[in-house]
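Read off the chains here:
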Amino acid sequence: MTSKQRAYLKGLASNIDAIFQIGKGGIEENFIKQVDTALEARELIKIKALDTYFDGPAVGASILAEATNSEVVIVIGTKFVLYRESSKNKKIVLPK
């Protein structure tokens, strides 16, 4: 992903709310499946790491990105944004 594409996605992500939260339960298989489904439907999602999540948002973002074959757009504070192009429901057109 280029820096121009990342900046574009950051702009889109600033207008969306976090749809998932990671807490003390951590990242389990069922949570990964839910994130995967949401990425297929929305392409761009924001997730919040609660204070009870022991690994922190940067680690959570990288774990989920690897598990869902997505890319971490940004980690800021307790939130992070993931992006993956949808195979069936493409909505976001990235700049070249």
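All figures in this text were calculated on a predicted structure; none of them were measured in a lab.

Draft legend 1. Structural context of the overall build of the protein chain. Looking only at helices and strands, the protein chain has three helices and four strands in total. When the helices and strands of the protein chain are placed in sequence order, the string is α-β-α-β-α-β-β. Dimensions along the principal axes, computed over C-alpha positions, put the protein chain at roughly 40 × 25 × 20 Å. For the protein chain, the proportion of its 96 residues judged to be buried stands at 36%. Considering only residue pairs separated by 6 or more positions, the protein chain has 67% of its internal contacts joining residues 24 or more positions apart.

Draft legend 2. Region of the structure containing the pairing of strand S3 (residues 71-76). Bridge analysis of S3 against strand S4 (residues 79-83) gives five bridges, and the strand direction is antiparallel. Bridge pairing in S4 places Val72 opposite Leu82. Remark: two residues form the turn of the hairpin made by S3 and S4, two consecutive strands paired antiparallel; Gly77 in that turn has positive phi of roughly 65 degrees.

Draft legend 3. The environment of Ser14, seen in detail. Note that Ser14 resides in the loop between helix H1 (3-13) and strand S1 (18-22). Sequence separation between Ser14 and Lys46 is 32 residues; the distance between their C-alpha atoms is 9.2 Å.

Draft legend 4. Structural context of the pattern of salt bridges. Applying the stated criterion to the full structure yields three salt bridges. A salt bridge links Arg84 to Asp36, with the nearest nitrogen and oxygen atoms 2.4 Å apart. Of the two residues, Arg84 sits in the segment after S4 while Asp36 sits in helix H2 (residues 29-42), which places them 48 residues apart along the sequence. With relative accessibility at 14%, the residue Arg84 sits in the buried group.

Draft legend 5. Spatial organisation of the packing of H2 against helix H3 (residues 57-68). Put simply, H2 and H3 touch, their axes get as near as 10 Å, and they point 70 degrees apart. The angle between the axes of H2 and H3 places the two elements in the roughly perpendicular class. By crossing handedness, the relation of H2 to H3 is classed as right-handed. Between H2 and H3, the contacting residues are Phe31, Ile32, Val35, Asp36 and Leu39 on the first element and Leu64, Ala67 and Thr68 on the second. Split into classes, the residues belonging to the contact of H2 with H3 amount to six nonpolar, one polar and one charged.

Rules behind the numbers
- Residues numbered from 1 in each chain as written.
- Predicted model: local features only at pLDDT ≥ 70, side-chain atom pairs only at ≥ 80, totals over all residues.
- Heavy atoms only, no water.
- Helix = DSSP H or I, 4+ residues; strand = E, 2+ residues; numbered from the N terminus.
- Buried < 20%, exposed > 50% of the residue type's maximum accessible area, 1.4 Å probe, protein only.
- Contact = heavy atoms within 4.5 Å.
- Pairing = 2+ DSSP bridges.
- Salt bridge = Lys/Arg side-chain N within 4 Å of Asp/Glu carboxyl O.
- Axes fitted to C-alpha atoms, helices over the stretch in contact; angles between N-to-C directions.
- Parallel < 35°, antiparallel > 145°, perpendicular 65-115°, else oblique.
- Left-handed = near helix turned anticlockwise from the far one by under 90°.
- Nonpolar A, V, L, I, M, F, W, Y, C, P; charged D, E, K, R; others polar.

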